[in-house]
Amino acid sequence: MTTVDEHLAAVLDQITPVREVTLPLAQAHGLVLTQDVTSPVDLPRFANSAMDGYAVRAADVAGASPESPKLVPVAGDIPAGDGEGHTLGEGMTWRIMTGAPMPEEADAIVKVEDTDGHSHEVLISASVEPGTHVRRAGEDVRAGERILSAGSRIGPAQVAVLASAGVAEVTVRDAVRVVVLSTGDELVPVGEPVGPGQIHDSNGPMLAALVRAAGHYTTHVGHLPDDEKSIKKELDHHLTSADLVITSGGVSKGAYDAVKAVLTGAGSMEFTEVDMQPGKPQGFGLLGRRKVPVFTLPGNPVSVLVSFEVFVRPALARLSEQRYEQVTVPAVVLSGWTSPAGRQQYHRVRLLRDVSGAYAAEPAGGPGSHLVAGLAVADGLAIVPAEESEVLTGSQVQVLPLRPLWEIEAELAQESATDQDGAEGAGSEAGRPRGRHRGAS
């Protein structure tokens, strides 16, 4: 059998990033720059006030103090957005708002808290040094300076920088368009009644949600019957527009595994057995004139989830040129389990806290790859190396989170606080571990 690392490497070796496009900034969130971006202007664009206060020559208010304030005439107001241009006369001041342009000849701002705030003549009770509370033109960025490098992913902070510089368009890797197809005559879309021997399709909605959570777009979620001609026609249709296709089911060794029958020998398609549990039967290849990556995943929901996290998510990152590295967290095992010898296992677990505050893990749901209830409470996948056949209580495993860690942390903190409140009111029960805050045995 092929190892997990070997299969992943074979997949990634065949994938090249999607097309480069130029998009309005408002449409580029989450995408990756393919070219450096330089600022067309200085930032700030002009010298402006960092405070509500009074624009002065520092020399004119030298020696001012609460005990010896200086009375200074006010030439007028300069609000933010004022474009008229003003000059500061000797011995005068302008009342100025935060962000408003500095008048010529002014070199400092006295904040309003160090004055009596009057609009015609103001008592200034503090001296200032030149440059105090002044944002100088270009002190952040100079025109022509690089503000973002190629390979940067455009998040909210990057949008702010680009918008501040007046960059209206950026060149990026286009959004990845994913088609999801579930296979099997027994499947019925959610919301429709099921007949004898039928089940609702859970793989399609789950894969669509996984694609969205990874920051990409599902353009179609559909169904393939167990009919080779229909499968070929449907796949050929989507290969004209999709950037990636994911199918689930129909790739094992059964008599009705039609996806495997249709795609064997097509393009660079290869079907292999990977030494992992769940997710042993895997298929991948480039199909069609556009050489679209196609993943054919197993049919059981847990196998689909694991296969996506291990193989599809890194492939989507490669397509979109996003940086990606699988991140795991160590956890102490609260209740051990067995693992099949020679296969790398991905075991659903809940994350808790042990008495030291570190992560602890306990199994979530039953061992079968068809059992979906455990997915709802699983925080991650404990990765058990192929050479290990038993996970002992008290040992340590690496856990691949299935949810953001901040979300898991918030839930653990809330449950810990609830346990604490319960313990304080429980008399003789105080101090006993409850909920998800456990001590390793």
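Everything numeric in this text was worked out from a predicted model, so none of it was measured. (Residues numbered from 1 in each chain as written. Predicted model: local features only at pLDDT ≥ 70, side-chain atom pairs only at ≥ 80, totals over all residues. Heavy atoms only, no water.)

What follows concerns the overall build of the protein chain. Counting secondary structure elements, the protein chain contains seven helices and 27 strands. Expected size for 441 residues packed as a compact globule is a radius of gyration near 22 Å; at 31 Å, the protein chain overshoots this value by more than 25%. Taking the principal axes of the C-alpha coordinates as reference, the protein chain spans close to 95 × 70 × 45 Å. Buried residues in the protein chain amount to 44% of all 441 residues. Residue pairs at least 24 apart in sequence account for 70% of intrachain contacts in the protein chain once pairs closer than 6 positions are excluded. Split by element, the accessible area of the protein chain, about 21,400 Å² in all, is 51% carbon and sulfur. The positive charge centre, built from 35 side chains, and the negative charge centre, built from 57, are 7 Å apart in the protein chain. (Helix = DSSP H or I, 4+ residues; strand = E, 2+ residues; numbered from the N terminus. Rg over C-alpha atoms; globule rule 2.2 N^0.38 Å. Buried < 20%, exposed > 50% of the residue type's maximum accessible area, 1.4 Å probe, protein only. Contact = heavy atoms within 4.5 Å. Areas by Shrake-Rupley, 256 points an atom, 1.4 Å probe, with all protein chains shown as cover. Lys, Arg positive; Asp, Glu negative; His and termini not counted. Charge placed at Lys NZ, Arg CZ, Asp CG, Glu CD.)

Judged by pairing direction, the sheet is mixed, and its five strands sit side by side in the order E7-E4-E6-E5-E8 without closing on themselves. Strands with a single pairing partner mark the edges of an open sheet, and in this sheet they are strand E7 (108-111) and strand E8 (121-124). On average, each strand axis in the sheet is tilted by 45° relative to the strand beside it, whichever way the strands run. Looking at chain direction, strand E4 (residues 53-56) and strand E6 (residues 93-96) are connected through three bridges and run antiparallel. Bridged to Tyr-54 within E6 is Arg-95. (Pairing = 2+ DSSP bridges. Axes fitted to C-alpha atoms, helices over the stretch in contact; angles between N-to-C directions.)

Once that is clear, we can look at the sheet that holds strand E12 (residues 177-183). Read from one edge to the other, the open sheet built from six strands follows the order E15-E12-E16-E20-E19-E17, with strand pairing classed as mixed. Each edge of the sheet is formed by a strand with only one pairing partner; in this case those strands are strand E15 (217-224) and strand E17 (270-273). The average undirected angle you get between the axes of adjacent strands in this sheet is 15°. In this structure, E12 lies alongside E15, joined through seven bridges in parallel fashion. In the strand pairing of E15, Ser-182 is matched with His-223.

A few words on the packing of aromatic side chains. Under the definition given, this model contains one aromatic pair. Note on Phe-284 and Phe-295: the rings are 4.7 Å apart at their centroids and 50° apart in plane angle, and the pair reads as tilted. Of the two residues, Phe-284 sits in strand E19 (residues 281-287) while Phe-295 sits in strand E20 (residues 292-297), which places them eleven residues apart along the sequence. For Phe-295, a relative accessible area of 1% puts it in the buried group. (Phe/Tyr/Trp six-rings, centres within 6.5 Å; stacked < 30°, edge-to-face > 60°.)

Moving on to the environment of Gly-76. One can find Gly-76 in strand E5 (residues 70-78). Sequence separation of Gly-76 and Ala-137 is 61 residues, and the distance between their C-alpha atoms is 23 Å. The residues touching Gly-76, leaving out its near neighbours within four places in the chain, are Thr-93, Trp-94 and Arg-95.

When its domains are assigned, the protein chain resolves into domain 1 (4-16 + 175-319), domain 2 (20-42 + 140-173), domain 3 (48-135) and domain 4 (329-416). Taking only C-alpha atoms, the centre of domain 1 and the centre of domain 3 are 67 Å apart. (Domains from an automatic or database assignment.)

Moving on, we get to the environment of Leu-181. Within the element layout of this structure, Leu-181 appears in strand E12. Leu-181 gets classed as buried once you look at its relative accessible area, which sits at 0%. Note: C-alpha distance between Leu-181 and Gly-249 (68 residues apart in sequence) is 9.2 Å. If sequence neighbours within four positions are ignored, Leu-181 has contacts with His-220, Gly-222, His-223, Leu-224, Glu-234, Leu-235, His-238, Val-245, Ile-246, Thr-247 and Ser-248.

The next subject is the nonpolar core. One finds Ile-246 and Phe-295 to be the most contacted residues of the largest nonpolar core, which totals 37 residues. When contributions to this core are tallied by element, the ones reaching two or more residues are helix H1 (4-13), E12, helix H3 (203-213), strand E16 (244-248), E19, E20, helix H6 (301-320) and strand E25 (380-384). Among the elements that make up this core, the one with the highest residue count is H6 (eleven residues). The two domains that each donate at least three residues to this core are domain 1 (4-16 + 175-319) and domain 4 (329-416). Dropping the residues within four chain positions of it, Ile-246 is found in contact with Val-178, Val-179, Val-180, Leu-181, Leu-207, Val-211, Phe-295, Leu-297, Phe-308 and Val-312. Counting residues in each nonpolar core, the second largest holds 19 residues, with Val-21, Leu-25, Ala-28 and Val-141 among its members. (Core = buried A, V, L, I, M, F, W, Y, C linked by side-chain atoms within 4.5 Å.)

Turning our eyes to something else, we now look at the packing of H1 against H6. Between H1 and H6, the least distance of the axes is 10 Å, while the angle of their chain directions is 30°. Classed by the angle they form, the pair H1 and H6 counts as roughly parallel. For the pair H1 and H6, the sense of crossing is right-handed. Within the contact between the two elements, H1 uses Val-4, His-7, Leu-8, Val-11 and Leu-12 and H6 uses Val-310, Phe-311, Pro-314, Ala-315 and Arg-318. Class assignment of the residues belonging to the contact of H1 with H6 gives a composition of eight nonpolar, one polar and one charged. (Parallel < 35°, antiparallel > 145°, perpendicular 65-115°, else oblique. Left-handed = near helix turned anticlockwise from the far one by under 90°. Nonpolar A, V, L, I, M, F, W, Y, C, P; charged D, E, K, R; others polar.)

This brings us to H3. Helical geometry note: an α-helix holds 3.6 residues per turn, so side chains three or four residues apart project in the same direction. Listed as buried for H3 are Asn-203, Gly-204, Met-206, Leu-207, Ala-208, Leu-210 and Val-211. Against E12, E15, E16, E20 and H6 lie the buried residues of H3. Positive backbone phi, approximately 90°, marks Gly-215, located one or two places after H3.

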